[in-house]
Amino acid sequence: MLYEALEAQARERLPQVVFDYFAGGSGEESTLADNTAAWARLRLRPRVLRDVSSVDTTTELLGSTLSSPVLVAPTAFHSLAHPDAELATAQGTREAGSLLVLSSRSSRRIEDVASHAGPWWFQVYVFRDRGLTRALVQRAAAAGARALVLTADTPYVGRKRRNRGDTSLPLSDEDFLANLEGLTHRALAEQAPDVTFADISRLSEDSGLPVLVKGVLRADDALECLHHGASGLIVSNHGGRQLDGALATADALPEIVSATEDRAPVLVDGGVRSGRDVLRALALGARAVLLGRPVLWGLATGGAAGVRQVLETLREDTAHTLALAGLSRLSAVGPDVLAPPRAP
Ligand SMILES: Cc1cc2nc3c(=O)[nH]c(=O)nc-3n(C[C@H](O)[C@H](O)[C@H](O)COP(=O)(O)O)c2cc1C
Ligand SMILES: CCCCCCC(=O)C(=O)O
């Protein structure tokens, strides 16, 4: 894996409780482990004797041109990793030519992060207070977000084996509530367990922005999201942090790509750690992938430069992998790149 050494450095630098919060999964961590294993199960079929002297990894996604099909996944509370928090993440992401999905649970204000960012989307947790949610997405739109990402898999926060909730994290109220204007107490910032498909069009109407839905693992849910106006889907199990035992994203992706038939871009995250994984995801029909924990390791060890390096390393590894597979551009990647699964 590309990021093992970086993760080890981050583990040394961060308080144990913070490292565990970032690295951990829910329950027995079986989904967390399966995310990486499922990518590795997919064997590649390289082409030979193609001119790969120049490989183009650039891509276009909902109107943004990106240096590679790798985006930064929304993750909460970056001040736990680095004093510059999301400002550094935004800067490093911009410098790498990538796109940041900013968490509702950021530890810096939307407007301040936006001033450091290139293209960015805003991840939405629908809060029990719908007025607060509306104000949040309207602020994001005013600050320049190009899309919303509604996280659908977190009606309640998954129970982590390593940490019990957020209470032990060294996080001030100011950082915890950075985005939640007017709230004075953490208990008021709970996510709504009654989120439904109707929230997709509501968020789009409130903000004027396209809405992608993150956390989809089934074809029937994917179709329902599109029916309710979603402009894209992110196949995700929250990095193995919500329902433990949920299937790996590499295993969920094919049925969603097949059911949605190019009606909207399908993205995927969870355990993507190399250019080979990026190629596998694209071969299964994903338009792009998102990277979670490795970005936190980069932030913790090097601030903005660390984030930039994580993304550039993966871009370079993706280009190298494409070349070895006999492919000089992303549009040449198709299902033929994958070998049939081995008989059980
Ligand atoms: C520490 C941490 C915090 C996260 N916070 C959020 C969040 O605020 N919103 C969200 O939609 N997903 C959140 N996620 C899930 C990520 O967006 C993403 O789905 C996952 O990390 C991808 O898996 P990976 O870490 O294996 O790359 C979080 C993940 C981690 C590890
Ligand atoms: C009460 C704070 C919960 C934040 C959840 C952030 C998240 O999605 C994750 O840690 O995973």
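Refer to the structure above for everything that follows.
Residues numbered from 1 in each chain as written. Chains lettered and ligands numbered in written order. Predicted model: local features only at pLDDT ≥ 70, side-chain atom pairs only at ≥ 80, totals over all residues. Heavy atoms only, no water.

Bringing the overall build of the chain into the picture now. For the chain, the count of helices and strands is 12 helices and 10 strands. Its C-alpha radius of gyration of 19 Å places the chain within 12% of the 20 Å reference for a compact globule of 344 residues. If you line up the chain on its principal axes, its C-alpha atoms span 65 × 45 × 40 Å. The buried share of the chain, reckoned over its 344 residues, is 55%. Total accessible area on the chain is roughly 14,500 Å²; 50% of this is exposed by carbon and sulfur atoms. (Helix = DSSP H or I, 4+ residues; strand = E, 2+ residues; numbered from the N terminus. Rg over C-alpha atoms; globule rule 2.2 N^0.38 Å. Buried < 20%, exposed > 50% of the residue type's maximum accessible area, 1.4 Å probe, protein only. Areas by Shrake-Rupley, 256 points an atom, 1.4 Å probe, with all protein chains shown as cover.)

Around ligand 1 there are 22 residues in total, and Pro74, Ser103, Thr151, Asp269 and Arg273 lie nearest to it. Between histidine 238 and ligand 1, the recorded distance is 3.4 Å, taken from a side-chain N or O atom to a nitrogen atom. Between ligand 1 and glycine 271, the relevant distance is 2.9 Å, taken from an oxygen atom to a main-chain nitrogen or oxygen of the residue. When the free accessible area of ligand 1 is taken as 610 Å², the share hidden by the protein chains comes to 98%. In this structure, ligand 1 is accommodated by the largest pocket. For the shell around ligand 1, the elements supplying multiple residues, two or more each, are helix H2 (16-23) and helix H12 (293-324). Here the residues of the shell around ligand 1 sort into 7 nonpolar, 10 polar and 5 charged. (Near = heavy atom within 4 Å. Polar contact = N/O pair within 3.5 Å; in protein donor to acceptor, adjacent residues only side chain to side chain. 1 Å grid on protein atoms, 1.4 Å probe; cavity = no way out; pocket = protein on both sides within 12 Å on 5 of 7 lines; lining within 4 Å. Sits in = over half its atoms within 2 Å of the grid points. Nonpolar A, V, L, I, M, F, W, Y, C, P; charged D, E, K, R; others polar.)

Before going further, it helps to examine the layout of surface pockets. Put simply, the largest pocket is a space of about 1,100 Å³. Surrounding the largest pocket, 45 residues form its lining, Tyr21, Tyr125, Val157, Lys160 and Gln191 being those nearest its centre. Space inside the second largest pocket adds up to approximately 340 Å³. Along the wall of the second largest pocket there are 22 residues; nearest its centre are Ala152, Asp153, Val195, Phe197 and Val213. (Points joined across faces, edges and corners; volume = space filled by probe spheres on them.)

What follows is about the packing of aromatic side chains. All chains considered together, the criterion is met by 5 aromatic pairs. Judged by centre distance (5.2 Å) and plane angle (20°), the rings of phenylalanine 19 and tryptophan 297 are stacked. On the criterion of sequence distance, the pair formed by phenylalanine 19 in helix H2 and tryptophan 297 in helix H12 is long-range, its members being 278 residues apart. Ring geometry for tyrosine 21 versus phenylalanine 77: centroids 6.5 Å apart, planes at 35°, classification tilted. Of this pair, tyrosine 21 sits in helix H2 while phenylalanine 77 sits in the loop between strand E3 (70-72) and helix H4 (85-95); the two residues are 56 residues apart in sequence, bridging distant segments of the chain. (Phe/Tyr/Trp six-rings, centres within 6.5 Å; stacked < 30°, edge-to-face > 60°.)

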